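As a plain string of letters, each chain reads:
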Amino acid sequence: MAVSVRVIPCLDVDAGRVVKGVNFQGLRDAGDPVELAARYDAEGCDELTFLDVSASSGGRDTMIDVVRRTAEQVFVPLTVGGGVRSTDDVDRLLRAGADKVGVNTAAIARPELVAQIADRFGSQVLVLSVDARRITAEGRAAGVTTPSGYEVTTHGGRRGTGIDAVEWAERAAALGAGEILLNSMDADGTKDGFDLEMLRTVRERVHVPLIASGGAGKPEDFVAAAQAGADAVLAASVFHFGTLTVGQVKDALRAAGLEVR
Amino acid sequence: MSPADGSVSAELNPAPRGRARGGHPHVVVLDYGFGNVRSAVRALERVGAQVELTADRGTALEADGLVVPGVGAFAACMAGLRAVRGHEVVGRRLAGGRPVLGICVGMQVMFERGVEHGTSADGLGEWAGVVDRLDAPVVPHMGWSQVEAPAGTRLFSGIEHERFYFVHSYAAQTFTQGHDDAADPRFTPPLVTWASHHTRFVAAVEDGPLTATQFHPEKSGDAGATLLANWLTTL
């Protein structure tokens, strides 16, 4: 009777269009996030995440419209992240129909933003996204150390912050984040599986739901992430390119004795 | 399931009072600043309701059904409800046997009180008992869980074994049946549906005109749509 492991496709959206390639049969417009979202809903996804990668404010306005149109026809929870810098940004997304909002870089610069959002809208709307990487030998040589050996990054992993990723996740949860999206910048794009060691480390220290992200390639990768303590598993390209379906991932989870919807 | 044909935005085209139009029940979603009301409106439209999003007391009193949404803090939701005199609307509707559906914190406020961070706030007191923090290794309880629906449930008819989407850190973990009412031979005891997240808690209640769910039917896919359709049949 436990809560099931959530399988969450993530769509990168730039100015209202899905960025990464999409290889679905039968879509009228493979670049339309609304149509893709409906497709994933029909496949049985447990939630959906839109990551707005628009560089311009015009692109973000477009995103509001995408969220509104998606919420009209998708009846599973929708999280929207990317470029969220204030409680007003959160308000606009929630009013458009988002259920949760992902916050990343702005919270690193201003941790109080986490508390402000939680106080105004409740912890349940706030997914704190952590882009983390293992500190390399070169990094250590350059003097970068953190207690856990993992560091928070920004700019898609290109810039280190020197902040301990595990401590940051713990602190954000204490400030009011309702959920942690832990994205391994080392594993991201490799298709070699999630960073299980990092997941286990964060799981031990953080008592809000934990979403594993980065590195998914095979159905077994999702199983391993759930067994390492992830409450939810998120992936982008394996779903978009048609390498895996949501159903295949759920079959693997079920076969491993994990609960799925 | 597909969205109801020809459905239009409730804000643009207010529904008629009562069931004047094609037998579609008129449902008001109480707009008091809490909850993803857009989702609730769309999910109800999807199953054939004429939905109006408003805090207008007269409209909320006259509707065939009233939905009380709610997310966030118990005390803040209660303050929001009182600000639009929602507590009076709910009380008057229930006194007249007119259906009300509470969702998430909209269910929690039906209990006597809620305790958050050690501070107690009064609820609407329709049911005895207190809403307090879940004791579990991972909180909030976030995701899809099964429920244990009782025999005779109308709300869960046909979806007894489905999963529903929960997101909450607080819950009613006991349910006390009203003993005073039980002396009345006409009294029908509330049907209580339970779920579990480390500990058992109340997932839904069917109590005459008052129905409530701790989970979000408007976010629970096809199972949630069926539940809302089941509720509409009781209006």
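Note that the structure is a prediction, hence the values are computed from the model and not measured. Along each chain, numbering runs from 1 in the same order as the chain's sequence is written. Chain letters and ligand numbers both follow the written order, the letters beginning at A and the numbers at 1. Only residues with pLDDT of 70 or above have their local features reported here, since the model is predicted, and side-chain atom pairs are shown and tallied only from 80 upward, although totals for entire chains, interfaces and linings are computed over all residues. By convention in this description, side-chain values take in all heavy atoms of the structure and omit both hydrogens and water.

J.: Just checking my understanding: could you explain the overall build of chain A for this structure?
T.: In this text, helices come from DSSP runs of H or I with a minimum length of four residues, and strands from runs of E with a minimum of two, each type numbered from the N-terminal end. A count of helices and strands for chain A gives 11 helices and 11 strands. Just to be clear, the radius of gyration here is over C-alpha atoms, and the globule rule we use is 2.2 Å times residues to the power 0.38. In terms of C-alpha radius of gyration, chain A reaches 17 Å, essentially the compact-globule figure of 18 Å for 261 residues. Relative to its full complement of 261 residues, chain A shows a buried share of 58%. In this description, contact between two residues means that some pair of their heavy atoms is separated by no more than 4.5 Å. Sequence-distant contacts in chain A: of pairs separated by 6 or more residues, those separated by 24 or more amount to 63%. Burial classes follow relative accessibility: with a 1.4 Å probe on protein chains only, a residue under 20% of its type's maximum area counts as buried, one over 50% as exposed, and anything between as partly exposed.

J.: Got a minute to help me understand the overall build of chain B in this structure?
T.: When you go through chain B residue by residue, the secondary structure sums to seven helices and 13 strands. Looking at the 235 residues of chain B, the share that counts as buried comes to 56%. Of the contacts formed within chain B by residues at least 6 apart in sequence, a portion of 70% connects residues at least 24 apart. The Shrake-Rupley method, run with a 1.4 Å probe, gives the accessible areas here. Residue values count only the displayed protein chains as cover. As presented, chain B carries roughly 9,200 Å² of accessible surface, and 49% of it is formed by carbon and sulfur atoms.

J.: Mind showing me how you'd approach the sheet that holds strand 5 (residues 111-116) of chain B here?
T.: Hydrogen bonding along the main chain pairs the strands of a sheet, whether they run parallel or antiparallel. All names here are of chain B. In spatial order, the strands read 6-5-7-10; together these four strands make up an open sheet with mixed pairing. If you trace the sheet from one side to the other, it starts and ends with strand 6 (119-122) and strand 10 (170-172), each paired once. Along the sheet, successive strands turn relative to each other by an average axial angle of 20 degrees, direction set aside. When DSSP finds two or more bridges between a pair of strands, those strands are recorded as paired. The pairing of strand 5 with strand 7 (residues 127-133) spans three bridges and is parallel. Counterpart to Arg113 in the pairing with strand 7 is Val130. Its contacts with the sheet put helix 3 (residues 74-83) on strand 5, strand 6 and strand 7, and the angle it makes with strand 6 is roughly 25 degrees. As a rule, the C-alpha atoms of each element are fitted with a line to give its axis, helices using only the stretch in contact, and angles between N-to-C directions run from 0 to 180 degrees.

J.: Where do I start with the packing of aromatic side chains in this structure?
T.: For any pair of aromatic rings, geometry is given as the distance between the ring centres together with the angle between the planes. Residue and element names in this part refer to chain B. Stacked, tilted and edge-to-face are the three classes applied to pairs of Phe, Tyr and Trp rings, where Trp contributes its six-membered ring and a pair requires centres within 6.5 Å; stacked means planes under 30 degrees apart, edge-to-face means over 60, and tilted covers the rest. Per the counting criterion, the structure on display carries 12 aromatic pairs over all chains. Counting every residue linked through ring pairs, the aromatic cluster contains Phe156, Phe164, Phe166, Phe201 and Phe215. Across from the ring centre of Tyr170, 5.9 Å away, lies the NZ or CZ of Arg133, which sits over that ring. A positively charged side chain is recorded as over a ring if its NZ (Lys) or CZ (Arg) lies within 6 Å of the ring centre. The angle to the ring normal must also be within 35 degrees. Over the face of the ring belonging to Trp194 we find Arg200, whose NZ or CZ atom lies 4.7 Å from the ring centre.

J.: Please clarify how helix 1 (residues 37-46) of chain B should be interpreted in this entry.
T.: Each α-helix turn comprises 3.6 residues. Residues three or four places apart therefore point the same way. Most of helix 1 of chain B sits inside the fold, with nine of its 10 residues counted as buried. Of all the residues in helix 1 of chain B, the buried ones are Val37, Ser39, Ala40, Val41, Arg42, Ala43, Leu44, Glu45 and Arg46 of chain B. Check the buried side of helix 1 of chain B and you find it contacts helix 2 (57-73) of chain A together with strand 1 (26-30), strand 2 (50-54), strand 3 (65-68) and helix 7 (221-232) of chain B. Directly beyond the C-terminal end of helix 1 of chain B, a positive phi value near 100 degrees is found at Gly48 of chain B.

J.: What is the right way to read the interface of chain B and chain A from this model?
T.: For an interface, size is often stated in terms of accessible area lost upon the parts coming together. Taken residue by residue, the interface counts 28 residues in chain B and 34 residues in chain A. Take the accessible area each of two parts loses on contact, using a 1.4 Å probe, and add the two losses: that sum is the buried area. For the pair chain B and chain A, the summed buried area comes to about 2,500 Å², and 55% of that belongs to carbon and sulfur atoms. When the area that chain B buries against chain A is broken down by residue, the three leading residues are Arg38, Met142 and Trp144 of chain B, summing to 27%. Any carboxyl oxygen of Asp or Glu within 4 Å of a side-chain nitrogen of Lys or Arg constitutes a salt bridge here. Arg42 of chain B serves as the salt-bridge partner of Glu72 of chain A, at 3.4 Å between the closest nitrogen and oxygen. Breaking the side of chain B that touches chain A down by element, the ones donating at least two residues are helix 1, strand 8 (141-146) and strand 9 (163-168) of chain B. In terms of residue class, the side of chain B that touches chain A is built from 11 nonpolar, 10 polar and seven charged. Note on residue classes: Ala, Val, Leu, Ile, Met, Phe, Trp, Tyr, Cys and Pro are nonpolar, Asp, Glu, Lys and Arg are charged, and everything else, Gly too, is polar.

J.: Looking at this structure, how should I read unusual backbone geometry?
T.: Note: most peptide bonds trans; most residues except glycine with negative phi. All names here are of chain B. Cis rather than trans, the peptide bond between Val139 and Pro140 has omega equal to 10 degrees. By secondary structure assignment, the location of Pro140 is in the loop between strand 7 and strand 8. Even without glycine at this site, Cys104 takes up a positive phi of about 55 degrees. Relative to the helices and strands, Cys104 resides in the loop between strand 4 (100-103) and helix 5 (105-108). Of note in the backbone geometry, His117 takes a positive phi value of approximately 50 degrees without being a glycine.

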